[in-house]
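What follows is each chain in one-letter form.
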Amino acid sequence: ARSMRNTLGGLLEALHPAALDELGLYGALDRGPIRAMMEDAGIEFTVELVGEARLLEQLDEMMRVAIYRVVQEAATNVVRHARAGRCRVRMRLGRRSGQLWLFLDVRDDGRGFPVPLRRGQGLQGMQDRFRTLGGHLRLSSGGSGMRLHGLLRLPLGAEPDGYQP
């Protein structure tokens with residue numbers, strides 16, 4: 001029964017992160033399991049929200065899950081591969097031309113990634129999540145670590161359709 005409960009709990013967490021419901025998107029990133037993973041790995045982790053914070057309320061569940069999962073995957077890659085001492089997540093929210101614009105920037109100070117990059121399921125999954133929502137996600141690497149830069153746009157008052165987390 002204990003094994004079954006643990007398996008079921010893992011499956012439910014895979015579908016929808018409980019931290020999003022408990023803490024909201026910003027709180028889940030800043031105080032949730034991602035921070036715990038980074039701290040356990042000895043990586044300094046900062047989360048910054050810039051712009052109109054109240055626009056976070058306009059993000060529907062699909063967008064919140066996608067953003068959370070992309071940051072989670074990026075942080076996991078930092079822990080596993082980057083040999084980094086620091087990682088920063090920055091979300092910038094604003095309005096432009098009747099749309100909500102969310103810029104996501106994740107950076108570390110690690111060793112970067114090899115060029116050409118081997119595209120694994122994690123990297124492809126991150127790009128697929130943003131692309132399905134009509135967004136764009138770019139990864140780059142330099143002498144000062146890895147950078148993930150994403151953009152999502154949402155007409156204010158509308159919801160994206162067709163996305164399955």
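If you're wondering where the values come from, they're calculated on a predicted model, not measured in any experiment.

Asker: Please clarify how the overall build of the chain should be interpreted in this entry.
Answerer: A tally of helices and strands in the chain yields five helices and five strands. Listed N to C, the secondary structure of the chain is α-α-α-β-α-β-β-α-β-β in terms of helices and strands. Across the chain, the fraction of contacts at a sequence separation of at least 24, relative to all contacts at a separation of at least 6, is 69%. For the chain, the exposed area adds up to about 9300 Å²; of that, 48% sits on carbon and sulfur atoms.

Asker: I'm lost on the packing of helix α2 (residues 18–31) against helix α3 (residues 33–40) in this one. Help?
Answerer: A packed helix pair is summarised by two numbers, namely the angle formed by the two axes and the spacing between the axes. Following both chains from N to C, one finds α2 and α3 inclined at 40°, their axes separated by 8 Å at the closest point. Taken together, the axes of α2 and α3 lie oblique to each other. Two secondary-structure elements touch here, α2 through A19, A28, L29, D30 and R31 and α3 through P33, I34 and R35. Looking at the contact of α2 with α3, its residues break down into five nonpolar, no polar and three charged.

Asker: Looking at this structure, how should I read unusual backbone geometry?
Answerer: Even without being a glycine, R83 presents a positive backbone phi close to 55°. Assignment of secondary structure puts R83 in the loop between α4 (61–82) and β2 (86–96). With a phi angle near 50°, S97 is a residue other than glycine that sits in the positive phi range.

Asker: Just checking my understanding: could you explain the packing of aromatic side chains for this structure?
Answerer: What describes a pair of aromatic rings is the distance from one ring centre to the other and the angle between the planes of the rings. Counting across every chain of the model gives one aromatic pair. Residues W101 and F103 carry aromatic rings whose centres are separated by 5.9 Å and whose planes lie at 40° to one another, so their mutual orientation is tilted. The buried category is assigned to F103, whose relative accessible area is 14%. Between R92 and the ring centre of F103, over which it is positioned, the NZ or CZ distance is 4.4 Å. The residue whose ring lies beneath R96 is W101, and the NZ or CZ to ring-centre distance is 4.7 Å.

Asker: What is the right way to read the pattern of salt bridges from this model?
Answerer: Where charged atoms of side chains with opposite charge meet at close range, the side chains can pair. Under the defined criterion, the tally for this structure stands at 10 salt bridges. Salt-bridge contacts for R35 lead to E39; the nearest nitrogen and oxygen are separated by 3.5 Å. Of this pair, R35 and E39 both sit in helix α3, four residues apart, which is roughly one turn of the helix. For R35, a relative accessible area of 17% puts it in the buried group. E39 gets classed as partly exposed once you look at its relative accessible area, which sits at 48%.

Asker: How should α4 be read in this particular structure?
Answerer: A turn of α-helix holds 3.6 residues, and therefore any two residues three or four places apart point the same way. In a regular helix each residue adds 1.5 Å, so 22 residues correspond to 32 Å; α4 covers 30 Å between its end C-alpha atoms and thus fits that length. Two residues or fewer past α4, R83 is found with a positive phi of approximately 55°.

Asker: What am I meant to see in the pairing of strand β3 (residues 99–108) here?
Answerer: Residues in a regular strand project their side chains so that they alternate between the two faces of the sheet. The buried fraction of β3 amounts to eight of the 10 residues, a majority that puts the element mostly inside the structure. Across 10 bridges, β2 lies against β3 in antiparallel orientation. Pairing of R88 across the sheet is with R107, part of β3. Between the end of β2 and the start of β3, which pair antiparallel, lie two residues, with S97 showing a positive phi angle near 50°. Across nine bridges, the pairing between β3 and strand β5 (residues 145–155) is antiparallel. Bridged to V106 within β5 is L148.

Rules used throughout
Residues numbered from 1 in each chain as written. Predicted model: local features only at pLDDT ≥ 70, side-chain atom pairs only at ≥ 80, totals over all residues. Heavy atoms only, no water. Helix = DSSP H or I, 4+ residues; strand = E, 2+ residues; numbered from the N terminus. Contact = heavy atoms within 4.5 Å. Areas by Shrake-Rupley, 256 points an atom, 1.4 Å probe, with all protein chains shown as cover. Axes fitted to C-alpha atoms, helices over the stretch in contact; angles between N-to-C directions. Parallel < 35°, antiparallel > 145°, perpendicular 65-115°, else oblique. Nonpolar A, V, L, I, M, F, W, Y, C, P; charged D, E, K, R; others polar. Phe/Tyr/Trp six-rings, centres within 6.5 Å; stacked < 30°, edge-to-face > 60°. Buried < 20%, exposed > 50% of the residue type's maximum accessible area, 1.4 Å probe, protein only. Lys NZ or Arg CZ within 6 Å of the ring centre and 35° of its normal. Salt bridge = Lys/Arg side-chain N within 4 Å of Asp/Glu carboxyl O. Expected span 1.5 Å × (residues − 1). Pairing = 2+ DSSP bridges.

The quantities given are spatial measurements derived from coordinates; they are silent on function.
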